Every structure is written in C-alpha cells, then in structure tokens.
Amino acid sequence: MLIIAGLGNPGSKHAGNRHNIGFMAADAIHRRHSFSPWSKKFRAEISEGELGGEKVLLVKPQTYMNLSGEAVGEAMRFYKLQPCDLVAIYDELDLPPGKARLKIGGGNGGHNGIRSLDAHCGKDYRRLRLGIGHPGVKELVQHHVLADFAKADQAWLQPLLETLADNADMLVRNEDSQLMNKLALAVGAKAEENKPKAERKSAAQSHIHQARNHTQPKLPATGPMAEMLKKMFGSKGE
C-alpha cells in the first residue's frame, strides 16, 4: 500500500493558497481516478483507491501544515507502513513556478510541514516538490505562500496538476524520472503556447535564419585538391 499525502492548510480561507498546492495535487488525483469519497480519519481527510493495480491512500492532513506529520504518522502506524511507502507532495519556494523535483529523503529546506513529517514518519520517504517561486526577499515569504495563486499562474498550474493526476500510477511503479519528464514537457509546452504569437514567430524565424546561415566548410581554391575537385565537378561556369 502507498500513502500519497498532499500537504496544506484546511478551510476555505486557504484553499487557493500557494502553500496548498499539495492539497490541490491530491484533489486532482482524486478526481481523475476511482477513489472513494473523502472521509475523516487520522485527523485528516482520506480516500482509498487503486493506482497501477496497487492500493493507494490519499491523505490531506487537517492539523494545519506545521503538524502534518502527526496525521500522516497515525495513518502509517495504523497500516504498519514504512517511510518507503509514503509520497509527500508539497510546495517548494526554491524552485521556479511549475518546476517539479522528486527524490527520496533529504533536508526539510525550512518547510515546517516536512519538518513535522520527518519527526513523525522518518526521513526516507519520497518528496515531490512543486515549485511556487520565491518572492525575492525573506520578509515577503509568509505573504507569498499564504496568498492565492495569481490568475497568470493558472497557465502552468493546471497543466502541472492535470498531468500529475493523469500519470499518478507512475508514483506506484517508481517511475520517478519518467514522471518528471512528463511534468516538465506539459508545463513547457503550455508556456510556449501562451507566448504572444509575434514572439513565437520571431523565435521560429531566428532558428531558420541560424540554419540558413550555418557556416559552410571552405573548399580550397588552389593546389592539388582544387585541381582534383575541378576535374570531378567542373568549374562554376561549366
């Protein structure tokens, strides 16, 4: 059995926050696949289903972010699971918006939800970090993470969540690098599609111009090689 825990804060006030991208990911997976209705257990909202032929438990801790590990730890102990049976999905300030990274273990990077998971669940679980970007200065971090995604963010947020939901079975099969490739392609393709038409046309023409003006090898004009080429192909006037 695999637990996929999306991290966030409960309540409608926080539903659209950048800090809640983990909840959003869990909801997207829930919508896309045949999971049971959400119910309350382990101080969390949980839903059971299958991905890739394996039983999966979706978990959205309702303890607020800083105590996420208490809820996820309860679920892990109930099902007698190990850290390798857990995937945590959460927001990452130090990744550009739309970028994703997946690895086993590591530090908490100052993320209080991950600090709590490390304390209650062990550290060797898989961490799927979804980039939300950094506001630039430390003083603005709290406002940034607790603010809703901007309208412009939807251009990468929706393709990211939809592609993750479509390919969530890769988490079960441990196809981590393949999943990262799919997420990167989905977000990259959407970003290109959303560029102004003139900008896309300019980039395409630039590539064509570079190809046409690619430096050709210079042929010798004198000497034995030049004479041989002249005999083979004739002079330009012939």
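Residues numbered from 1 in each chain as written. Predicted model: local features only at pLDDT ≥ 70, side-chain atom pairs only at ≥ 80, totals over all residues. Heavy atoms only, no water.

As annotated in an unreviewed UniProt entry, the chain carries the name Peptidyl-tRNA hydrolase and comes from Rhizobium azibense. As its UniProt record puts it under Catalytic activity (unreviewed entry), the chain is described as follows: "an N-acyl-L-alpha-aminoacyl-tRNA + H2O = an N-acyl-L-amino acid + a tRNA + H(+)". Quoted verbatim from the Sequence similarities (unreviewed entry) heading of the UniProt record, the comment on the chain is "Belongs to the PTH family." (UniProt positions renumbered as here; feature names shortened; annotations may be inferred.)

Visitor: Now, about the side chain of R127: what can you tell me, with residues and values included?
Guide: Of note, R127 is situated in strand β7 (residues 126–131). A polar contact is formed between the side chain of R127 and the backbone oxygen of K123, at a distance of 2.8 Å. When sequence neighbours within four positions are dropped, the list of residues in contact with R127 reads A88, Y90, R101, L102, K103, G105, G106, G107, I114 and D118. (Helix = DSSP H or I, 4+ residues; strand = E, 2+ residues; numbered from the N terminus. Polar contact = N/O pair within 3.5 Å; in protein donor to acceptor, adjacent residues only side chain to side chain. Contact = heavy atoms within 4.5 Å.)

Visitor: Break down the sheet that holds strand β6 (residues 100–104) for me, citing the residues and quoting the values.
Guide: In spatial order, the strands read β2-β3-β4-β1-β5-β7-β6; together these 7 strands make up an open sheet with mixed pairing. Sheet topology places β2 (39–41) and β6 at the edges, where each strand pairs with a single neighbour. Strand after strand, the sheet turns through a mean of 30° between neighbouring axes, direction not considered. Note: strand β1 (residues 2–6) against strand β5 (residues 86–92), 4 bridges, orientation parallel. (Pairing = 2+ DSSP bridges. Axes fitted to C-alpha atoms, helices over the stretch in contact; angles between N-to-C directions.)

Visitor: Give a detailed account of the nonpolar core, specifying residues and quantitative values.
Guide: Counting residues in hydrophobic clusters, the biggest one holds 35 residues, and the most contacted among them are I4, I21, I29, L51, I89, L128 and L130. If you tally residues by element for this core, the top one is helix α5 (residues 154–166), at 6 residues. Every residue in contact with L128, bar those within four places of it in the chain, is listed here: A88, I89, Y90, A100, R101, L102, L164 and M180. Ranked by size, the runner-up nonpolar core spans 21 residues in total, among them L7, F42, A88 and C121. (Core = buried A, V, L, I, M, F, W, Y, C linked by side-chain atoms within 4.5 Å. Buried < 20%, exposed > 50% of the residue type's maximum accessible area, 1.4 Å probe, protein only.)

Visitor: Outline the UniProt feature "active site" (unreviewed entry) in the chain, listing residues and values.
Guide: Mapped onto this numbering, the UniProt entry gives "active site" (unreviewed entry) at H19. Mapped onto the fold, H19 is located in the loop between β1 and α1 (21–32). Filtering out sequence-adjacent residues up to four positions away, H19 remains in contact with L7, G8, N9, M65, D91, H111, V145 and L146. Here the side chain of H19 touches D91 through a polar contact of 2.9 Å, side chain to side chain.

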